[in-house]
Amino acid sequence: MDRLAAGGAAKSTESRAQSSLRALLLLADGLGRALDRNAVVAATLRGSMALPGVQAAWLCLLDEAARFHFAGSAGLPIAGTVSNGGDGPCACERACLAGTLTSAANMRECDRLNGSGMPPAAPILHATVPLTVGDRRLGILNLAGPATGIFAEADLPVADGIGDLVAAALQRADLEEQSRRRARASEDKYHALLEHAHDPICLVDATGIVREAIRKCEEFLGLPRESFVGRPCAAMVPEDERARTAEVLRAAFETGAVGPTAIRMRRPNGEVRDVELSAAVVDLSEGRIGVFIVRDVTERKLTDEALRASRETLQALLRASPVAIVSLDTAGCVLTWNPAAERIFGWTEAEARGRTPPYVEEEQLPEFRVLLARALDDGSFNDEVVRRRRKDGSPVDISISAARFLDAAGQIAGIMAVVIDVSDHLRLQQEFQQAQKMEAVGRLAGGVAHDFNNLLTVITGYSQLLLVGANPGDPVGRKLTEIHKAAERAAGLTRQLLAFSRKQVLQPRVVDLD
């Protein structure tokens, strides 16, 4: 009989061990699949109720303020889920908070099980398992059974192992929840940034289907998001641009990124816009996705074209200008040197650029710097006439007018000078002044000749009267004849002076050159 009793006890122990092992495997599998606290609580209760002798199980977890909260139960009467029999923590909770519950223990009294409203047949004995990770207390797991107890003292380390599994699962769930919160916060920031991006941004998969788009895409296309999300991106470009768009998509997914590529996109109203398309491919949980940034450069392109046309017009003006146009930086070095400057001075643009104007000789540098400072400080000056030297050494008189110009930042960048060769002008001016002097001399000579001619008229008249009454052979008559001839010659000189002064009409006559 003793052997039969011993055999029955051994079989009972073996059966209990197998049941415990199955329960532990169920618990471990459930905890391994649990991704949040609720799933951990459910898996813990499910595995706990599979343990031999367990009639009820419940979890109480600590919050950040070290307050216990009832997390869930299985097999516990309704009254036990809402009351612990007192106003404060129950005995096992107080032991956990006090730090005296460091390992699993059989609790002989339970405020929750002995609370008001509990049926007489309810279990009154339970094992309390602390849930700790290192120094951090997470809560307690209570397992209730018959009056004879659930765990023998030697089996309590198994309960501690269960507590370690549950605590580790709770910590992992907390960490994953924190990670999810950070990911959600990061995603919210990401979406907030994208929604306020200056350029349209859309997510496109490897097949060219638009998977997501920000608000700026709606503004750019003039369409609600749902009208183009889920559709091929090729539908938003003209027919002749689809091959290029497909090439950009292929290159992005092959290389991981594509720099700005010029294409044209079409709006629903038929308007075609010039854009620069950039892309980068990222790996997400749902697969690889292309982040495409669309920058509208239509206005910039129009501005660039207008600027290019303006630049070409300016270059044509510089080439066609008959006067020299030279620009200098603030240090006085040549920036531009047009063909007229080359014709006037003899130096080519390559020879002149990057240095002080070659027509300025060393002794003229102080004067040059004064003029440069005057233009930079005052803004401009006009018609400053100076003498310089050509490449061949010949002198040239030039008139300089200059004005300063600014760079894109609004800072003074240099001066633009218009240089005119006034050598011929000055020579003509000198000739004109000489002609004016000669004219003045002529007027003076004419006036003198006129008065002198009046005196000669008197001399000629009286000499003729005297000759009428004189004897031809008389010496006095010969003298009178000489006086008359001299008066006639003087009259001829006065007529020449009057002709020089433009006061007498010339009388041409035939002259025998033989």
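Residues numbered from 1 in each chain as written. Predicted model: local features only at pLDDT ≥ 70, side-chain atom pairs only at ≥ 80, totals over all residues. Heavy atoms only, no water.

Glancing now at the environment of Glu 219. Within the element layout of this structure, Glu 219 appears in helix α6 (residues 215–221). Taking C-alpha positions, Glu 219 is 8.3 Å from Pro 200, a pair spaced 19 residues apart along the chain. Within the local environment of Glu 219, its side chain forms a polar contact with the side chain of Arg 215, the two groups lying 2.4 Å apart. (Helix = DSSP H or I, 4+ residues; strand = E, 2+ residues; numbered from the N terminus. Polar contact = N/O pair within 3.5 Å; in protein donor to acceptor, adjacent residues only side chain to side chain.)

What follows deals with the sheet that holds strand β8 (residues 257–266). Taken together, five strands build an open sheet; the order of strands is β7-β6-β10-β9-β8 and the sheet is antiparallel. The outermost strands of the open sheet, each flanked by one partner alone, are β7 (210–213) and β8. Across the sheet, the mean angle separating the axes of adjacent strands is 30 degrees when strand polarity is ignored. Where strand β6 (residues 201–204) and strand β10 (residues 287–296) come together, four bridges link them in antiparallel fashion. Bridge pairing in β10 links Val 204 to Gly 290. Where helix α7 (residues 242–255) meets the sheet, it contacts β6, β8, β9 (272–284) and β10, and its direction lies at approximately 160 degrees from that of β8. Across the face of the sheet, helix α8 (residues 298–320) comes into contact with β9 and β10 while running at roughly 130 degrees to β9. (Pairing = 2+ DSSP bridges. Axes fitted to C-alpha atoms, helices over the stretch in contact; angles between N-to-C directions. Contact = heavy atoms within 4.5 Å.)

Strand order in the open sheet formed by five strands is β12-β11-β15-β14-β13, with antiparallel pairing between adjacent strands. Looking along the sheet, the strands with just one partner apiece sit at the ends: β12 (334–337) and β13 (380–389). Direction aside, neighbouring strands of the sheet carry axes that sit 25 degrees apart on average. Summarising the sheet, strand β11 (residues 324–329) and β12 pair through three bridges and their orientation is antiparallel. Within β12, the residue paired with Val 326 across the bridge is Trp 337.

This next bit is on the packing of aromatic side chains. For the coordinates displayed, the defined rule picks out three aromatic pairs. A ring pair is formed by Trp 337 and Phe 345, whose centres lie 5.9 Å apart and whose planes are at 40 degrees; its orientation type is tilted. Residue Trp 337 is classed as buried on the basis of its relative accessible area, which comes to 3%. A ring pair is formed by Phe 345 and Tyr 359, whose centres lie 4.2 Å apart and whose planes are at 20 degrees; its orientation type is stacked. Of this pair, Phe 345 sits in helix α9 (residues 339–345) while Tyr 359 sits in the loop between α10 (349–352) and α11 (365–378), and the two are 14 residues apart along the sequence. For Phe 345, a relative accessible area of 1% translates into the label buried. You can call Tyr 359 buried: its relative accessible area is 6%. By way of ring pairs, the aromatic residues Trp 337, Phe 345 and Tyr 359 are connected into one cluster. (Phe/Tyr/Trp six-rings, centres within 6.5 Å; stacked < 30°, edge-to-face > 60°. Buried < 20%, exposed > 50% of the residue type's maximum accessible area, 1.4 Å probe, protein only.)

Turning to the side chain of Asp 205, a few remarks are in order. Its place among the elements puts Asp 205 in the loop between β6 and β7. If near-sequence neighbours (up to four positions away) are discounted, Asp 205 is found in contact with Arg 211, Leu 249, Phe 253 and Ile 289.

Turning our eyes to something else, we now look at the pairing of β8. When β8 meets β9, the two strands line up antiparallel, connected through eight bridges. Pairing of Val 258 across the sheet is with Ala 279, part of β9. In this structure, the hairpin formed by β8 and β9 is closed by a connection of five residues, where Gly 270 is found at a positive phi of approximately 95 degrees.

All right, on to unusual backbone geometry then. A positive phi angle, near 60 degrees, is found at Ala 66, a position not held by glycine. Among the structural elements, Ala 66 can be located in the loop between β1 (56–62) and β2 (68–74). For Ala 66, a relative accessible area of 44% translates into the label partly exposed. Even without glycine at this site, Asp 383 takes up a positive phi of about 55 degrees. Looking at the element boundaries, Asp 383 is found in strand β13.

What the rule picks out here adds up to 30 salt bridges. Here Glu 241 and Arg 244 are joined by a salt bridge, their closest N and O atoms 3.2 Å apart. Accessibility expressed as a relative area gives 7% for Glu 241, which makes it buried. Close ionic contact of Glu 254 with Arg 250 constitutes a salt bridge, the shortest N to O distance being 2.5 Å. Note that Glu 254 and Arg 250 are positioned in helix α7 at a spacing of four residues, about one turn of the helix. (Salt bridge = Lys/Arg side-chain N within 4 Å of Asp/Glu carboxyl O.)

Bringing the environment of Arg 264 into the picture now. Counting through the fold element by element, Arg 264 comes out in strand β8. Arg 264 gets classed as partly exposed once you look at its relative accessible area, which sits at 26%. Sequence spacing of Arg 264 and Val 275 is eleven residues, and the spatial spacing of their C-alpha atoms is 5.8 Å. In this structure, Arg 264 is in contact with Val 237, Pro 238, Asp 240, Glu 241, Val 272, Arg 273 and Asp 274, ignoring residues within four places of it in sequence. One polar contact links Arg 264 to Asp 240, side chain to side chain, over a distance of 2.7 Å. A polar contact of 3.2 Å, which involves the side chain of Arg 264, links it to the side chain of Glu 241.

Before going further, it helps to spend a moment on a nonpolar patch on the surface. A surface patch of nonpolar side chains, amounting to about 350 Å² of accessible area, comprises Val 458, Tyr 462 and Leu 465. The residue Tyr 462 is located in helix α12 (residues 423–469) in this model. (Patch = residues over 30% accessible without salt bridge, like charges linked within 9 Å, V, L, I, M, F, W, Y side chains within 5 Å. Areas by Shrake-Rupley, 256 points an atom, 1.4 Å probe, with all protein chains shown as cover.)

Below, the discussion takes up the pairing of strand β15 (residues 412–421). The pairing of β11 with β15 spans six bridges and is antiparallel. Pairing of Ala 324 across the sheet is with Val 419, part of β15. Alignment of strand β14 (residues 395–406) against β15, held across nine bridges, turns out to be antiparallel. From the neighbouring strand, Arg 404 faces β15, where its bridge partner is Ile 415. Taking the residues that link successive antiparallel strands as the turn, the β14-β15 hairpin has five residues, and the phi of Gly 410 there is positive, at about 85 degrees.

Right, let's talk about the confidence of the model for the protein chain for a bit. This prediction gives the protein chain a mean pLDDT of 80; 84% of its residues lie at or above 70. The low-confidence segment residues 1–11, where pLDDT is below 50, has zero contacts with residues more than four positions distant or belonging to other chains. Under a pLDDT of 50 for its full length, residues 82–87 has, in the predicted model, nine contacts with residues more than four places off or in other chains. (pLDDT = per-residue confidence, 0-100.)

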